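# A closer look at the structure
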Amino acid sequence: MASRQLIIPGGLLLGMGIGMLFGETGAGMFIGIGLGMLISVLLTFSKGSSERNLEKRVAELEEKLKDEEEAS
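The structure contained in this document is the topic of the report that follows. Remember, predicted model here, so these are calculated numbers, not experimental data.

Turning our eyes to something else, we now look at the overall build of the protein. Each helix and strand counted, the protein has three helices and zero strands in total. Mapped from its N terminus to its C terminus, the protein presents α and β elements in the order α-α-α. With the model as given, the accessible surface of the protein reaches about 5,900 Å², and the carbon-plus-sulfur share is 68%.

It is worth spelling out helix 2 (residues 7–21) at this point. Taking 1.5 Å per residue, 15 residues should reach 21 Å; helix 2 reaches 21 Å between its end C-alpha atoms and fits that length. Where helix 2 is concerned, the buried positions are Ile7, Gly11, Gly15 and Gly19. One face of helix 2 carries all of its buried residues, which in axial projection span an arc of 100°. Pointing more than 90 degrees away from the buried face of helix 2 are the exposed residues Leu13, Met20 and Leu21. Once helix 2 ends, the next one or two residues include Gly23, with phi positive near 75°.

Another point: the pattern of salt bridges. Tallying each qualifying case throughout the model produces one salt bridge. Between Arg57 and Glu60 there is a salt bridge; the shortest N-O distance is 3.6 Å. In this pair, Arg57 and Glu60 are both assigned in helix 3 (residues 25–71), three residues apart and thus about one turn of the helix distant. Overall, Glu60 belongs to the partly exposed group, its relative accessible area being 39%.

With that settled, consider a negative patch on the surface. A surface patch of negative charge is lined by Glu63, Asp67, Glu68, Glu69 and Glu70. Its place among the elements puts Glu68 in helix 3. A relative accessible area of 46% places Glu68 in the partly exposed class.

Moving on, we come to the environment of Gly28. In this structure, Gly28 sits in helix 3. Of the residues examined, Gly28 reaches a relative accessible area of 11% and is grouped as buried. Look past the residues within four positions of Gly28 in its chain and what remains in contact with it is Gly15, Met16 and Gly19.

Criteria and cut-off values
- Residues numbered from 1 in each chain as written.
- Predicted model: local features only at pLDDT ≥ 70, side-chain atom pairs only at ≥ 80, totals over all residues.
- Heavy atoms only, no water.
- Helix = DSSP H or I, 4+ residues; strand = E, 2+ residues; numbered from the N terminus.
- Areas by Shrake-Rupley, 256 points an atom, 1.4 Å probe, with all protein chains shown as cover.
- Expected span 1.5 Å × (residues − 1).
- Buried < 20%, exposed > 50% of the residue type's maximum accessible area, 1.4 Å probe, protein only.
- Arc of directions from axis to C-beta.
- Salt bridge = Lys/Arg side-chain N within 4 Å of Asp/Glu carboxyl O.
- Patch = residues over 30% accessible without salt bridge, like charges linked within 9 Å, V, L, I, M, F, W, Y side chains within 5 Å.
- Lys, Arg positive; Asp, Glu negative; His and termini not counted.
- Charge placed at Lys NZ, Arg CZ, Asp CG, Glu CD.
- Contact = heavy atoms within 4.5 Å.

Below is the structure:
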């Protein structure tokens, strides 16, 4: 979780550094923070889908275990 919180400031600093190389610090900062926000959102969505998949798998295993207990 903590590493995901560093994506936006990391993107900002990276964009600022690249912008300084090209003499466009402001534009680099805006591009860096924008990319940091987009990556953060994408990671949030991918985490949510993996949690839903995990919950679904746990429910399937619980049902299977219940069926096996009833059969024996």
